[in-house]
Every structure is written in structure tokens, then in C-alpha cells.
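Architecture at a glance
What follows is each chain in one-letter form.
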Amino acid sequence: MRHNGYSAPEPPGAAELLAEVEATAKDGLDRGRAPLGPGEHTEDELLAHFEAVVAADEKIEPRDWMPDAYRRSLVRQLSQHAHSEVVGMQPEGNWLTRAPSLKRKAILLAKVQDEAGHGLYLYSAVETLGVDRESLFQALHEGRQKYLSFINYPTPTWADAGALAWLTDGAAIVNQVPLCRSSYGPYARAMVRVCKEESFHHRQGFDALHVLSRGTKAQKRMAQDAVNRWWGPALAMFGPPHEQSTHSEQSMRWRIKRYTNDELRQRFVDICVPQAEVLGLTLPDPALAWNGERGHYDFTPPDFDELRRVVAGDGPCNRQRVGNRRRAHEEGAWVREAAVAHAAKRREGVR
Ligand code: 3HC
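Residues numbered from 1 in each chain as written. Predicted model: local features only at pLDDT ≥ 70, side-chain atom pairs only at ≥ 80, totals over all residues. Heavy atoms only, no water.

With that settled, the discussion passes to helix α7 (residues 158–179). Taking 1.5 Å of rise per residue, the 22 residues of α7 would be expected to cover 32 Å, and the 31 Å separating its terminal C-alpha atoms lies within 8% of that figure. Here α7 lies mainly inside the structure; 21 of its 22 residues are buried. (Helix = DSSP H or I, 4+ residues; strand = E, 2+ residues; numbered from the N terminus. Expected span 1.5 Å × (residues − 1). Buried < 20%, exposed > 50% of the residue type's maximum accessible area, 1.4 Å probe, protein only.)

Attention now goes to the site of the ligand. Around the ligand, the surrounding shell holds 32 residues, and the nearest of these are Q80, K146, D169, H247 and K257. The separation between an oxygen atom of the ligand and a polar side-chain atom of N175 is 3.1 Å. Here a nitrogen atom of the ligand sits 3.1 Å away from a polar atom, N or O, in the main chain of M237. Considering the ligand on its own, with 1,000 Å² of exposed area, one finds that the protein chains cover 92% of that surface. Elements represented by at least two residues in the shell around the ligand include exactly α3 (68–87), α7, α8 (185–213) and α12 (304–311). With 6 residues, the top contributor of residues to the shell around the ligand is α3. Of the residues that constitute the shell around the ligand, the class distribution is 11 nonpolar, 14 polar and 7 charged. (Near = heavy atom within 4 Å. Polar contact = N/O pair within 3.5 Å; in protein donor to acceptor, adjacent residues only side chain to side chain. Areas by Shrake-Rupley, 256 points an atom, 1.4 Å probe, with all protein chains shown as cover. Nonpolar A, V, L, I, M, F, W, Y, C, P; charged D, E, K, R; others polar.)

Quick look at the layout of surface pockets now. One number sums up the size of the largest pocket: a volume of about 1,200 Å³. Along its surface, the largest pocket is lined by 50 residues, and R76, Q80, L148, M237 and G239 are the ones closest to its centre. Put simply, the parts of the chain that give the lining of the largest pocket at least two residues each are α3, α4 (90–93), α5 (102–127), α7, α8, α11 (261–279) and α12. Per-element tally for the lining of the largest pocket: the top contributor is α7, with 9 residues. (1 Å grid on protein atoms, 1.4 Å probe; cavity = no way out; pocket = protein on both sides within 12 Å on 5 of 7 lines; lining within 4 Å. Points joined across faces, edges and corners; volume = space filled by probe spheres on them.)

So, about the nonpolar core. Y70, L78, W166, L167, Y184, L209 and F268 are the most contacted members of the largest nonpolar core, which has 81 residues in total. Looking at this core, the element that brings in the most residues is α7, giving 13 residues. In contact with F268, other than residues within four places in its own chain, are L167, G170, A171, V174, W231, A234, L235 and F238. (Core = buried A, V, L, I, M, F, W, Y, C linked by side-chain atoms within 4.5 Å. Contact = heavy atoms within 4.5 Å.)

The structure is reproduced here in C-alpha cells:
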């Protein structure tokens, strides 16, 4: 494998997604409307104020009144998102000790640490909604809250670490760029930083695959096999088709979400095809073809029955992923206790 000084070309479409993130970074920071004072307004006035803020594409902030259902939906989505970042460290964590070079190991380590950081931004964002973090961990460990389906698939070869990052971090960016404009301020602001970091994650996966696909025949085959394994889980990440999506309509009305699951899936496919061409790899779908009338690629939808099974707990690695998370939480208890004791001492002025 060539390493020194080698760098893959820019993945087509990636710069445009980052430009969209930059464009949203300052959106909604200044809000014309002041928050309504507590106890001074009727429920109808509070609701009208909430709806006006959302309709004006301004941000709802933690200090604001919000409908209970809006709060619940945010807690649901944000905690699932936070859990996905943290449990999502495992499939690639599997390759940290076996990365093929020092450079790849350092890159992968930075990437996996970033995912932990994303989890922390997002757990902090959920806490602004009045939920404590420990209860979220409990819900995850007891299977009452979810994390994204793709995390339950294995990474049997080094190329899987690359394909996972190229495809699922690529899908995560497509999903998260519109979330930078989410109506809930702490979520939107967390997403700006997350998207910028995801862009590096995506790029490093693309780069790793680019090297493999230009290596020996066996390396190219390994890259292609990994892409064959990850294409379906990446497409399924966007969730069920619109007509089966429980939350999309309401979430779009509240501007938590901006697009349907199917619209984002299509955008992802359209971005991936030229990237696969640069990689010299084939996306495993014989139906994939440009449709001039629609202005999009046609493609075969993912297996939604498989998605349902994996989300229900019956994927190849569900038990292992949750078991590892639970064990890490238990074994890390002393670190949390030490941090709390240290913070208490500092508050008392003890050094
Ligand atoms: N995996 C697991 N559950 C899924 C799912 C998936 N791929 N897609 C949908 N679901 C669940 C939903 O959570 C919902 O279940 P619930 O009612 O129990 O909460 C149900 O299926 C119905 O789906 P809906 O379409 O009605 O749900 P949403 O409107 O919430 O849309 C979503 C689903 C698109 C996943 C949305 O919640 C979302 O955008 N979430 C944030 C994205 C996210 O979690 N990103 C994490 C990326 S992980 C990552 O980047 C780490 C990696 O790089 C290592």
C-alpha cells in the first residue's frame, strides 16, 4: 500500500455539503422575539408565540415554553442520536489495534474520539430539555431507547472500517446538514460542529478505500466486498419510507426535520454515485441508473423488513453492542465518581 504523502482526491459533492453547513452556522442566532415571561400568559398565547418563532425560522431555546409533545419528540430523537454516536464507536473501535499503519491508526483514533465528543454535545443538548443523563443511559442499557441500525453490523475486514465511514458517515452528513437548521437551538448548533467533524470522518473513509481500490487485486476485492456489505445498511439508516414514518410529518411541521426520509435517501444516492466512480468501486445495485426525467438516480430501496428486525434487536451484533456499552458504563463508574469528587473539592477551594 502507498502511504507517504498520498492523498485521495476530494470526494465529489462533499464541499457543497460543507458550504451548506457554513451557511447555516449563523442562522437564527439573533431572534427578534423576546421569550415570554413565566406565569404571565395563557396557554394559547404561549402556543401562538411558539408557532410564530418556528414559522419565522427562528430558534426555540431551552428558556422558552414549548408544547410537551415537541419536547418529547426532541428528547426521543436527540437521545437516539446521542446513543448512536457513542455506541457507534464500536464497529470501528474494533480496528484501532489492527489499523495497517501508524498514520491510519492515528486518523481512526481521532475519528472514534470525535464520535464520543458528538455524543457528549448531544447528551448536553438533551439535558437542556430537563432530562438527566443517567436516565438516558439506563434507557439505552435496558433497550427502551434506540440507536441507529447500521451500528449492529460487523466490520470483519479493514476495508469495512473504510466503507462504514465513507457510506454511513456520508449518510449521517446528508441527514444532519438539514438538522443544522432544526428549530431547537441547542440541536441545530451541535449539528454545525458535528457536521464539520463528520466531513473529516467521511473523507478518511473515502481515502482509505481509494488506497485499497488502487492496491493489489486482493485489496481491491476486499474494498468492493466491504462496499457490498455496507450499501444496504447505509441506505436503511434514513429510516422507513415516508408513508410508514411515524414522526416525519409532525417533526417537519415543527421544523425539527426538514425533509422526508426518502428525500434524504435519494440525495445520498445521488451524491454517492460519482464518488463511487472516483473510487473505482461499484455500488451493488443493478437497478442503479440515471433517470433524466426525475433528475435523480433510480435505485433499489433497502430491505425494510431487515431494518425492522435490526431495530427490534435482532441484528447480527445488537447484543454485543449493548453488552459492551453496559459493561463500559459499569467499569467507568469509578471515573465518574472521581470526577464528581474532584469537582466538589475544587468548589471548596481544595487543590
Ligand atoms: N435505526 C434505528 N431506528 C430507526 C431508524 C434507524 N436507521 N430509522 C428510523 N428508526 C426508528 C425511529 O427512531 C422511530 O422509532 P421511535 O418511534 O421508537 O423513536 C421509528 O423507527 C419510525 O421512524 P420515523 O421515520 O418515524 O422516525 P424519525 O422521524 O425520528 O426519523 C431518523 C428517523 C431519520 C433516524 C431521525 O430520527 C434522525 O434524523 N435522527 C438523527 C440522526 C442520527 O441519529 N444520526 C446519528 C448518526 S450516527 C453517527 O454519525 C455515528 C457514526 O458516524 C459512527
